[in-house]
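A structural walkthrough
The lines below spell out each chain.
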Amino acid sequence: MFTYYIAYPILYLLSLLPLSVLYLISDLLRWITFGIIGYRKKIILINLKNSFPKKSEEEILKIAQAFYKNFCDLIVEVLKSVSISEKQLRNRCSIDQESLELMDHYAAKGQSVILAMAHQGNWEWAVNALTIMLNKHKVFGIYRPLHNKGFDKIVVDLRMKFQLKLITDNEVPGVMMKNKRDHILSATVFLTDQSPSGKNMYWTTFLNQDTPVFLGIERFSRKLNYPVVFFSVNKLRRGYYSMHLESLIDNPSSLIEEGAITELHTRAIEKSVAAQPETWLWTHRRWKRKRA
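Quick summary incoming for the structure in this document.

Parameters and conventions
- Residues numbered from 1 in each chain as written.
- Predicted model: local features only at pLDDT ≥ 70, side-chain atom pairs only at ≥ 80, totals over all residues.
- Heavy atoms only, no water.
- Helix = DSSP H or I, 4+ residues; strand = E, 2+ residues; numbered from the N terminus.
- Rg over C-alpha atoms; globule rule 2.2 N^0.38 Å.
- Buried < 20%, exposed > 50% of the residue type's maximum accessible area, 1.4 Å probe, protein only.
- Contact = heavy atoms within 4.5 Å.
- Areas by Shrake-Rupley, 256 points an atom, 1.4 Å probe, with all protein chains shown as cover.
- Lys, Arg positive; Asp, Glu negative; His and termini not counted.
- Charge placed at Lys NZ, Arg CZ, Asp CG, Glu CD.
- Core = buried A, V, L, I, M, F, W, Y, C linked by side-chain atoms within 4.5 Å.
- Pairing = 2+ DSSP bridges.
- Axes fitted to C-alpha atoms, helices over the stretch in contact; angles between N-to-C directions.
- Disulfide = S-S within 2.5 Å.
- Expected span 1.5 Å × (residues − 1).

1. Considerations on the overall build of the protein chain
Helix and strand counts for the protein chain come out as 11 helices and nine strands. Taking 19 Å as the expected radius of gyration for a compact globule of 292 residues, we find that the protein chain reaches 19 Å, a close match to that expectation. Split into buried and exposed, the 292 residues of the protein chain put 50% on the buried side. Of the contacts formed within the protein chain by residues at least 6 apart in sequence, a portion of 80% connects residues at least 24 apart. Summing over all exposed atoms, the protein chain offers an accessible surface of approximately 14700 Å²; the carbon and sulfur share of this is 57%. When the 40 basic and 27 acidic side-chain charges of the protein chain are each reduced to a single mean position, those positions are 5 Å apart.

2. A closer look at the nonpolar core
Here is a general trend for soluble globular proteins: nonpolar side chains tend to be buried in one another's company. In terms of nonpolar packing, the biggest core is built from 75 residues, with Leu-115, Phe-231, Leu-245 and Trp-282 touching the most fellow members. By residue number, the principal contributor to this core is helix 4 (residues 57–80), which donates nine residues. Not counting residues up to four positions away in its chain, the partners in contact with Trp-282 are Ile-43, Ile-44, Asn-47, Leu-48, Ser-51, Phe-52, Phe-67, Leu-207, Val-273, Pro-277 and Trp-287. With five residues, the next largest nonpolar core counts Tyr-4, Ala-7, Val-82 and Leu-158 among its residues.

3. Notes on the sheet that holds strand 1 (residues 93–95)
As summarised here, the arrangement of the seven strands in space is 1-9-8-2-5-3-4, forming an open sheet in which the pairing is mixed. What marks the edges here is a single partner per strand, and that holds for strand 1 and strand 4 (165–168). For this sheet, the mean inter-axis angle between neighbouring strands, taken without regard to orientation, is 30 degrees. Taken together, the four bridges between strand 3 (residues 138–143) and strand 5 (residues 186–191) define a ladder with parallel strand orientation.

4. A short note on the state of the cysteines
For the structure shown, the criterion picks out zero disulfides. Here Cys-72 stays free of any disulfide, with the sulfur of Cys-93 as its closest cysteine sulfur at 19 Å. Residue Cys-72 is classed as buried on the basis of its relative accessible area of 0%.

5. Quick word on unusual backbone geometry
Located in the positive-phi region is Arg-40, a residue other than glycine, with phi close to 50 degrees. The exposure class assigned to Arg-40 is partly exposed, which follows from its relative accessible area of 36%. Although it is not a glycine, Gln-163 adopts a positive phi angle of roughly 75 degrees. Summarising the element assignment, Gln-163 is placed in the loop between helix 8 (149–159) and strand 4. Given the relative accessible area of 56%, Gln-163 is considered exposed.

6. Overview of helix 1 (residues 2–15)
An α-helical turn contains 3.6 residues, so any two residues separated by three or four positions project in the same direction. With 14 residues, helix 1 should cover 20 Å at 1.5 Å per step; its first-to-last C-alpha distance of 20 Å lies within 8% of that length. All buried positions along helix 1 are accounted for by Tyr-4, Ala-7 and Ser-15. Looking at the buried side of helix 1, the elements it contacts are helix 4 and helix 8.

Structure (structure tokens):
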């Protein structure tokens, strides 16, 4: 915890800087990471080329440059989260009336939902903003604890600042079952574009590549018969995002074929990434696994 007591005050003071100043820091970071260090540049370019084989070298490089800008903006925006107010968050993350009405529809029927989400836009701000804006559903976020307890507490504090309920990946089954037994209206967020571990995976084609996808949404939605809703985040301009909720399936238990639900949210993410590729997280080794 020594790390927490040293790092948190420094992060808090830095977060008090206006976003206009933080974005100057972001510009400097972009120049360093892209122009000098070339942070994961090879991985990013390979991922982009394989995902968009019809795009030219010039188009790929343009997306990569835009990605670095967005990535560095994300870093300073997460830093700003330390001191950001509810009013500021509402101002920077908007949601359309149709999405709110969809959640009210489920609430009126007493239905909890599963939210399928990608690492796109500023997902950290978006999940907290949704927590503020939903009146009837309690939002639960799934996370994997960090090894360093000090940094882990910092991350937890940031994510729970606006009443988001955090649960570890190991706690998911127990918490979701308890919420159902206790008739708690929940909206559980699954970030579904990460590489799954172990054997709990489904193979499909995603962005023109063989890709393993975590089966958590499929299994929990079938078991609990919770509607699956795609939660997308679109970057409007620097520091401003729009959120949208779209129903993918209302009655998961009616889909017999295994993989059907996974295909639904995978295709939704694929469409979202294709529409705004620079805002997706291209730095990770998403395709390091190969189909047997």
